[in-house]
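Structural overview
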Amino acid sequence: MLYPLPSDLRADLSQLTDCDEIIDARTPAEFAIDHLPDARNCPVLSNAQRHEIGLLYANAPFDARKIGSAMVA
């Protein structure tokens, strides 16, 4: 499930014109659902890894954070 950011935390898209490149680190599946215009996807987890961590998180949040952090590192 996607949760929208509160309006005070959303970036004004006009500010992005100063960026050379916009990098989105979410999984390819998340990127396919929604991303900023012209963003480049450089995922830190694969779709399968995110699914695995999500299932683990339901029963053992601390372990999921620990293993997920190791995968990202």
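1. Notes on the overall build of the chain
When its secondary structure is counted, the chain shows three helices and two strands. Every one of the 73 residues in the chain was classed for burial, and the buried ones make up 15%. Put simply, of all contacts in the chain between residues at least 6 apart along the chain, 8% involve residues at least 24 apart.

2. Considerations on the packing of helix 2 (residues 47-59) against helix 3 (residues 61-72)
At a minimum axis distance of 6 Å, the contact between helix 2 and helix 3 shows a crossing angle of 155 degrees. The angle between the axes of helix 2 and helix 3 places the two elements in the roughly antiparallel class. Contacts from Gln-49, Glu-52, Ile-53, Leu-56, Tyr-57 and Asn-59 of helix 2 reach helix 3 at Pro-61, Asp-63, Ala-64, Arg-65, Ile-67, Gly-68 and Met-71.

Procedures and definitions
Residues numbered from 1 in each chain as written. Predicted model: local features only at pLDDT ≥ 70, side-chain atom pairs only at ≥ 80, totals over all residues. Heavy atoms only, no water. Helix = DSSP H or I, 4+ residues; strand = E, 2+ residues; numbered from the N terminus. Buried < 20%, exposed > 50% of the residue type's maximum accessible area, 1.4 Å probe, protein only. Contact = heavy atoms within 4.5 Å. Axes fitted to C-alpha atoms, helices over the stretch in contact; angles between N-to-C directions. Parallel < 35°, antiparallel > 145°, perpendicular 65-115°, else oblique.

Remember that the coordinates give geometry; whether it matters functionally is a separate question.
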